[in-house]
Structure formats: structure tokens, C-alpha cells
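The primary structure of each chain is shown beneath.
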Amino acid sequence: MLENLVIVESPAKAKTIEKFLGKDFTVTSSMGHIRDLEKKDFGIDIKKNYLPKYVVSADKKKIVADLKKMAAEAKMVWLASDEDREGEAIAWHLKEVLKLNSANTKRIVFHEITKDAIIKAVENPRDIDINLVNAQQARRVLDRIVGFEVSPVLWKKVKPSLSAGRVQSVAVRLIVEREREITNFKTESFYRVVGIFSVTEKDGKTTELKAELSTRFLTREEAEKFLERCKTAEFTVEDVVKKPGKRTPAKPFTTSTLQQEASRKLGFSVSQTMSVAQRLYESGKITYMRTDSVNLSSLAINTAKQKIEELHGPDYVQIRKYKTTSKGAQEAHEAIRPTYMAQETIDGTSQEQRLYELIWKRTIASQMADAILEKTQVTIGISNDQEKFIATGEVLIFDGFLKVYMESTDDEKGENGSDEIIPPLKANDKLQMNLITATRRFTQKPPRYTEASLVKRLEELGIGRPSTYAPTITTIQNRNYVVKEDRPGIERSFDILTLKNGKITEKNNIEITGVEKGKLFPTDIGMVVTDYLSENFEQIMDYNFTAKVEEEFDEIAEGKRVWNEVIDEFYQPFHLKVENALQNSERSKGERILGIDPATGKQVSVKIGRFGPIAQLGEASADGEGEKPQFSSLKSGQLLESITLEEALELFKLPRELGEFENKKVVVGTGRFGPYIRHDNKFISLGKTDDPYTVDLARAVELIHAKRDKDEKAVIRIFDENPEVKILNGRWGPYISYKKQNYKIPKKTEAEKLTLEDCMKIIGQAPETKTKKTKK
């Protein structure tokens with residue numbers, strides 16, 4: 001008989017909690033959710049007030065059986081899943097499935113896994129909060145309705161195997177709209193003028209002062225005329241303004257700000273950040289990592305104060321009590337912080353150590369003094385012109401929190417002059433002009449989203465909650481609506497006009513612009529699906545509607561709304577939209593006619609094909625007779641919306657003959673699985689850096705030899721008496737191939753020494769180890 005059974009979600013969490021509870025407590029794990037909506041069917045009974053049909057998944061049946069047995073033997077069962085809605089739902093499902101009695105079942109919650117927190121939770125149990133459970137059920141049911149009803153419409157109207165999601169579709173829309181902003185952006189140039197002046201100080205020492213003209217010239221002619229006037233001009237200090245300034249530390253981390261900062265400072269993806277944070281939480285090192293609260297407990301503030309005084313002295317302490325202001329904040333617990341503020345570093349993986357250090361520094365900095373600055377602005381007049389040069393500088397008087405931590409930003413690198421130390425100056429001081437440059441610069445396109453900046457935008461719009469950001473971003477990439485990748489920039493020339501020693505000289509420079517690193521790009525299918533959904537399901541694609549739904553979930557969690565009434569208000573008009581779209585909406589393949597091929601007179605178009613975006617040369621006749629059109633896949637980075645006729649015609653240069661090798665033609669082409677070399681009826685994939693449009697015969701022969709060497713090494717033995725039996729080397733080690741089926745070779749068996757008889761014995765005696773041949 002067990003005295004106390006504690007059930008949590010994960011083995012790691014169970015292991016940590018077990019350390020703090022006595023021998024009378026047995027801690028075990030449910031390994032996450034034990035049941036979910038049916039997958040094979042809709043999973044919701046619409047006619048019975050949207051009753052969810054839950055089933056225990058096959059991989060959880062043994063866990064459930066074990067939990068039932070342990071619960072039956074326990075005097076008291078403690079449900080200790082996380083304190084958010086997801087955790088509350090897990091506790092409720094456990095109670096339902098295990099048929100736990102309320103009399104001997106208690107719900108405990110804590111936002112950090114420390115001894116004090118666990119003991120306090122056991123001393124203050126509560127009932128399962130059905131309002132939180134219903135809020136989670138409402139989210140799950142609404143998302144299933146949208147997915148199951150809209151996805152078949154996409155299969156019929158756009159392309160098979162597509163899927164739609166309520167929050168995911170809106171996130172893709174953000175990325176699509178940003179891409180179109182960038183495509184439609186018209187870059188304009190201007191001339192930025194910077195002067196370098198000499199200042200002679202009291203001790204005779206000469207220092208340089210850098211200042212920028214307050215006006216930017218739109219044309220080269222204007223810039224040249226200004227430099228001409230400066231040849232004979234005198235430069236005088238008109239005004240020196242000094243102002244005190246300060247910088248304030250950032251608030252402690254919430255889920256979204258942790259995801260953003262870990263992306264900027266550590267290069268972590270959103271899902272990677274949450275995975276590492278989960279491990280830190282479950283091992284008792286940080287507080288709960290899904291929160292939109294910036295609050296810190298009194299204990300955390302006091303221990304932070306002690307640590308700051310110990311490390312930097314009392315002057316660096318400034319106690320701050322933050323309040324949550326984010327739209328629709330739902331969690332009642334603390335910000336993400338270390339459980340023990342005195343612990344600067346931890347043991348663990350490199351990722352865990354780096355993320356912990358980030359959290360520790362941010363939390364400590366939030367309770368430190370402001371950084372005190374002195375800002376100086378110098379206005380420089382020009383004797384023969386109304387324009388003014390402006391020099392700005394900044395001096396750090398007291399570093400405060402900057403001694404520990406400075407928040408990063410998503411802003412692209414600007415072109416403003418950097419803040420520098422200004423030498424001592426006063427009004428009417430004369431300045432010696434060393435040189436003035438007028439550099440051609442260009443307006444910047446809107447920046448593409450990173451994972452971090454997308455999370456920030458979703459939070460600003462009130463779309464999603466702490467638990468949904470990471471899954472949303474992962475899902476839109478897995479569905480190939482969005483890709484995250486690096487892209488090279490392009491060369492751009494710009495000119496610099498320089499006035500020095502009374503002469504104006506010109507220099508042309510080259511820069512690389514448009515380099516993208518870890519940015520989110522919409523795919524063609526993502527853009528076509530977004531357009532179709534926006535046209536036919538404007539409600540679910542509306543940012544305000546999606547945010548309003550989140551607010552309704554919050555109201556359900558607070559007990560102010562009935563969850564199935566909220567669902568019904570959405571479903572009735574939504575279902576009519578689905579039926580109307582199936583019957584009346586046009587098929588959407590994103591088709592675009594580019595023009596006529598000058599060589600053949602055939603029409604050239606692009607569209608979404610069965611395996612993705614394609615270009616088409618020619619048209620199919622209505623009766624199916626006559627010459628069939630040619631098709632070619634678009635290159636990576638090409639979009640249906642922006643590809644030109646010339647670029648599309650380039651695609652039809654494949655397949656192309658490279659020459660002959662061993663008296664057989666060598667052809668390069670591209671297919672469903674990418675570019676390839678064809679020789680002697682065999683196909684060899686091109687390398688990642690090979691371009692099918694420029695690869696030559698020598699490189700193709702090199703690839704053919706490499707493939708032959710690889711194939712030879714893959715064959716361990718072929719039996720002359722029965723050539724169908726082969727011992728091959730595979731990705732997971734040696735195996736037997738026989739009649740298009742693969743068979744595992746038992747461990748500790750030397751594959752090279754197997755006889756034909758041994759192989760047939762393995763084939764005959766181990767049918768359960770037989771694996772299906774993988775289709776390419």
C-alpha cells in the first residue's frame with residue numbers, strides 16, 4: 001500500500017521533486033498528456049454541445065495501466081502537473097481516466113521546484129480548477145474545428161495534403177504581408193554628409209570632432225554644390241547643450257522576451273529555447289518557463305539585493321516591483337528567474353549554462369540602479385550656408401545595471417552617427433575642417449521577421465499565449481508554408497564625394513546589401529494558401545478576431561463565459577463559410593501568365609503543381625491531343641509572384657547534355673527530388689553547391705565516380721548461386737536484401753562471414769524483423 005502517490009508530467013520533474021519529499025511519497029510521471037481528441041474522426045460531437053471525444057493514445061496505454069494500478073494502491077493521490085491551463089487539463093484527464101475519488105485526490109501547484117515551494121504546495125492543496133480546464137478544452141476544440149473543416153477545402157481548392165490552423169494561418173499571413181512589403185518597396189538614394197573637424201584644447205592637444213549634416217541631399221548635384229560652398233566656408237560652434245540622461249534595465253523575462261533575447265544573444269531558435277528552459281525548470285534551477293508575468297516575489301527581490309550588494313556594493317541596488325502590462329496576460333505566477341539568486345552559474349550542458357546565465361543576469365539587472373549618462377549636442381554653423389552640422393556625444397557617469405547586462409534589439413544596423421565623447425567646446429569656438437564626405441546611401445526595406453521578432457509581433461497583436469508561440473512557429477515551418485534560412489546579398493555600388501585640402505574627389509565603392517541570416521521567408525504554397533484563406537475565410541485570418549478569441553479563452557478561464565457557448569458562436573457562421581467555399585469558391589493555384597516565349601511562340605506561366613511551384617511552357621489542348629506542355633520546378637528563392645519571363649525561360653534549359661562519358665550521354669536535369677546527373681540510365685544527385693545550369697562534364701564525371709565508389713562500399717557480398725540474396729551496408733549497419741525486402745542481421749554477427757545458408761535461415765526465422773523497403 002502506498003501512502004502518497006504524486007503524479008507529474010515528466011520523469012525529470014519527478015526525479016527533482018522526489019528529493020524534497022520524504023519516504024512516504026512516491027513520485028511518478030504521466031509522460032505528458034495521456035489522452036487527446038480522436039484522430040481518425042472529427043473527435044467532437046457537434047450535436048451534443050461540442051462534446052470532445054477523448055481517447056487514450058496507443059503509446060500511453062501501458063502508462064495508464066501502471067498509473068491505475070499505483071493509484072488503486074495509494075491512500076492519497078497528488079496531481080502535481082504544471083499550474084497553467086495545459087497542466088490543469090493534464091490533471092483533470094488523469095482524474096477522469098484513472099477514475100480518482102475526490103476524497104483522496106488533491107491538486108497541488110508551484111511555480112518553482114524548490115523544497116520550500118513543494119512543501120508549501122503540499123500544505124495548501126486545492127481542487128482542480130475546471131475553468132482553466134474548460135479554457136484549454138475550448139482552445140483544443142476550436143483549433144480542431146478550424147483544422148478539420150478548412151483543410152479539406154484546401155485539398156480540393158488548392159493542393160492535396162495541405163492543412164490550416166487558427167493561429168498558424170495568421171502567423172503565416174504576417175510573414176506573407178511583410179514579404180510583399182519588401183517586394184513592392186522602392187529603394188531611394190540620398191547623400192549623407194559627415195564632417196571631420198579639428199579641435200585644439202587648452203593644453204594644445206588636437207582632437208577630432210565628427211559631425212553630421214542635419215539635411216540629407218536627394219541628388220548628387222545638390223551634394224556637390226554644398227561641398228563647393230564649404231571650400232570657402234568658416235565653421236563655428238553655435239551652441240553646446242548638455243543634458244543628463246539615464247538608461248533603465250529591462251524587466252525580468254517572460255516567455256516571449258526570453259525567446260526573443262535568447263535568439264538575439266545566443267542564436268537559439270524559439271523551440272530550442274523552450275526545450276532548454278524546460279530542462280532548467282524540471283531540474284529545479286529556474287521558475288516556471290511559460291508565463292507572461294514580470295512580477296518577482298519578495299524573497300527573490302531580497303536575495304537579488306543581497307547578491308548585488310555582495311558583488312557591487314549598495315550604490316548599485318535599486319529595488320523595482322514590476323507589473324504585467326501585456327495584452328491578455330493570463331498567468332498568475334512569477335517572471336522567469338533563477339530559483340536561487342545566489343547561484344551565478346550551474347552545472348549542465350553548454351546550452352543550459354548559457355541560458356541560465358542570461359536569465360540570472362537579466363533578473364539581477366532588473367533590481368540594479370539606473371545607468372547615469374551625460375548627453376552632449378554641439379551645433380556647428382557654416383558661414384556661407386544655412387545648413388548645420390550636429391555632433392552628438394554621450395559619457396557614462398555611472399554604469400549601474402550596465403555592469404551586468406544590456407538588452408539587445410531586433411533593429412537593423414542603422415546609419416546614424418555613433419555617440420562619441422565630445423571634446424570641451426563653447427559657443428563661438430572656431431573649428432578647422434579636415435574633410436567632409438558626401439556618401440550615397442539608400443533607404444532600407446522593411447526587415448524580414450526572425451523567429452524572435454515574429455514572437456514579439458504576435459504578442460503585440462494579442463495573438464497566442466506563452467504556451468503557443470514555439471509550437472506555432474515550428475508548425476508553420478514543418479508545413480512548408482514558411483522557411484527559415486540564410487540568403488546571400490547582392491553587390492551594390494555607391495559613390496563618395498570627399499572635400500579635402502580644397503579639392504573635391506570622387507571614389508566608387510562596392511558593398512554587399514540584402515544579406516539575410518536566420519530569417520523567415522514565405523513559400524509559394526504559403527502565399528497561395530494565405531490569399532485563398534483571406535478571400536474565403538476573412539474571419540479566421542483577421543488579427544483582431546484571433547486576439548478576441550484569446551480574450552474569450554481568458555474569460556472562460558476566469559469563469560465569466562461558458563466554453564461551449566463561445567464555440568457555438570464561432571461555429572455556426574463559420575460552418576456556413578466552409579460549405580460556401582466548397583461549393584462556390586474558385587480553385588486557386590496562384591497561376592500567373594508571364595508572357596510568350598520568343599523562340600516557340602508558346603505561353604509561359606507559373607503555378608502551384610502537384611509537387612510544388614512550377615513553370616509551364618505551352619498549354620494543354622482541351623481534347624488532350626496534340627503537343628503536351630513542358631514543366632520545370634522553380635529554383636529555391638524564386639516566387640510565383642516575382643519571377644520574370646526571362647527567369648522562367650532559363651528553367652527550360654534543363655535537361656541539357658554535357659557530353660559523353662564511356663560512350664554514353666551525360667545529361668543534367670532537375671526533378672521532384674532536386675537536380676541530378678543521368679548516365680547509363682542511372683541517376684546521381686548533384687551536390688548542394690552544384691548549379692545544374694552551370695555544372696560541366698568534368699564535375700559530372702567526378703560525381704559519377706563518387707557514386708560508384710559509394711555503391712561498391714555498400715555491397716558486402718553477393719552470392720553467385722542466388723544473386724537475389726545480398727549483404728549490404730546501410731545507414732544503420734549491415735543488413736540482408738532479398739526479393740526487394742530488407743532483413744536485420746542479429747547483433748554480434750559478423751556480416752562478412754555469413755553464408756548463403758545463414759542468410760536464408762535469418763530470412764526464414766525472423767519475419768518479425770523484416771522491414772519495408774523505403775520508397776524514394
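Residues numbered from 1 in each chain as written. Predicted model: local features only at pLDDT ≥ 70, side-chain atom pairs only at ≥ 80, totals over all residues. Heavy atoms only, no water.

> Help me understand the overall build of the chain in this model?
Assigned secondary structure in the chain consists of 19 helices and 31 strands. C-alpha atoms of the chain, sized along the principal axes, occupy 100 × 85 × 65 Å. For the chain, the proportion of its 776 residues judged to be buried stands at 49%. In the chain, the share of contacts with a sequence separation of at least 24, taken over all contacts with a separation of at least 6, comes to 71%. Taken as a whole, the chain presents about 41000 Å² of accessible surface, with 49% of it coming from carbon and sulfur. When the 126 basic and 120 acidic side-chain charges of the chain are each reduced to a single mean position, those positions are 4 Å apart. (Helix = DSSP H or I, 4+ residues; strand = E, 2+ residues; numbered from the N terminus. Buried < 20%, exposed > 50% of the residue type's maximum accessible area, 1.4 Å probe, protein only. Contact = heavy atoms within 4.5 Å. Areas by Shrake-Rupley, 256 points an atom, 1.4 Å probe, with all protein chains shown as cover. Lys, Arg positive; Asp, Glu negative; His and termini not counted. Charge placed at Lys NZ, Arg CZ, Asp CG, Glu CD.)

> Any chance you could explain the packing of aromatic side chains here in plain terms?
Two aromatic rings are characterised by how far apart their centres lie and by the angle between their planes. The tally for this structure, following the rule as stated, stands at 15 aromatic pairs. For the pair Phe 570 and Phe 574, a centre-to-centre distance of 4.7 Å together with 25 degrees between the ring planes defines the contact as stacked. Of this pair, Phe 570 and Phe 574 both sit in helix H16 (residues 563-584), 4 residues apart, roughly one helical turn. The burial state of Phe 570 is the same as that of Phe 574; both residues are buried. Taken together, the ring pairs connect Phe 197, Phe 217, Phe 226, Phe 235 and Phe 389 into an aromatic cluster. For Arg 441, the ring lying beneath its charged end belongs to Phe 494, and the centroid distance is 5.0 Å. (Phe/Tyr/Trp six-rings, centres within 6.5 Å; stacked < 30°, edge-to-face > 60°. Lys NZ or Arg CZ within 6 Å of the ring centre and 35° of its normal.)

> What is the right way to read helix H7 (residues 220-230) from this model?
An α-helical turn contains 3.6 residues, so any two residues separated by three or four positions project in the same direction. Inspection of H7 places Ala 223, Phe 226, Leu 227 and Cys 230 among the buried residues, and these make up the whole buried set. The arc that holds every buried residue of H7, seen down its axis, measures 100 degrees, which confines them to one face. (Arc of directions from axis to C-beta.)

> It is not clear to me how the pairing of strand E2 (residues 25-29) should be interpreted in this structure. Could you clarify?
Both faces of the sheet carry side chains from a regular strand, because those side chains alternate between them. E2 sits mainly inside the fold: 4 of its 5 residues count as buried. As judged from the 5 bridges shared by strand E1 (residues 2-8) and E2, these two strands associate in the parallel manner. Bridge assignment links Val 8 to a residue of E2, and that residue is Ser 29. Handedness of the crossover joining E1 and E2 through helix H1 (residues 11-20) is recorded here as right-handed. (Pairing = 2+ DSSP bridges. Right-handed = clockwise from strand over helix to strand, strands pointing away.)

> I keep staring at the packing of helix H8 (residues 255-266) against helix H9 (residues 270-282) and nothing clicks. Help me out?
Interaxial distance between H8 and H9 falls to 9 Å at its minimum, and their mutual angle equals 115 degrees. As judged from the angle between their axes, H8 and H9 are roughly perpendicular. Judged by the twist between their axes, the crossing of H8 over H9 is right-handed. Along its contact with H8, which presents Thr 255, Leu 258, Gln 259 and Ala 262, the element H9 presents Val 270, Thr 273, Met 274 and Ala 277. Residues of the contact of H8 with H9, tallied by class, amount to 5 nonpolar, 3 polar and no charged. (Axes fitted to C-alpha atoms, helices over the stretch in contact; angles between N-to-C directions. Parallel < 35°, antiparallel > 145°, perpendicular 65-115°, else oblique. Left-handed = near helix turned anticlockwise from the far one by under 90°. Nonpolar A, V, L, I, M, F, W, Y, C, P; charged D, E, K, R; others polar.)

> Help me out: how do you make sense of the sheet that holds E1 in this one?
By way of backbone hydrogen bonds, the strands of a sheet pair with one another, either parallel or antiparallel. Strand order across the open sheet formed by 4 strands is E2-E1-E7-E8, with parallel pairing between neighbours. The sheet terminates laterally at E2 and strand E8 (105-107), the two strands that pair on one side only. Direction aside, neighbouring strands of the sheet carry axes that sit 25 degrees apart on average. Across 3 bridges, the pairing between strand E7 (residues 74-79) and E8 is parallel.

> Help me understand the pattern of salt bridges in this model?
Pairing between side chains of opposite charge can happen when the charged atoms of each approach one another. Under the criterion given, the structure shown has 64 salt bridges. A salt bridge links Asp 385 to Arg 229; its shortest N-O distance comes to 2.6 Å. Of this pair, Asp 385 sits in strand E13 (residues 385-398) while Arg 229 is found in helix H7, placing the two residues 156 residues apart along the sequence. If you follow the salt bridges from partner to partner, you end up with Glu 9, Lys 13, Asp 82, Asp 84 and Arg 290 in one network. (Salt bridge = Lys/Arg side-chain N within 4 Å of Asp/Glu carboxyl O.)

> Just checking my understanding: could you explain the sheet that holds strand E25 (residues 674-679) for this structure?
The antiparallel open sheet is built from 4 strands, whose spatial order is E23-E24-E25-E26. Unpaired on one side and paired on the other, strand E23 (656-661) and strand E26 (682-685) mark the two borders of the sheet. Averaged over neighbouring strand pairs, the angle between their axes works out to 30 degrees when direction is ignored. Here 4 bridges tie E25 to E26, and the two strands are oriented antiparallel to one another. Across the sheet, the residue bridging to Tyr 676 is Ser 685, located in E26.

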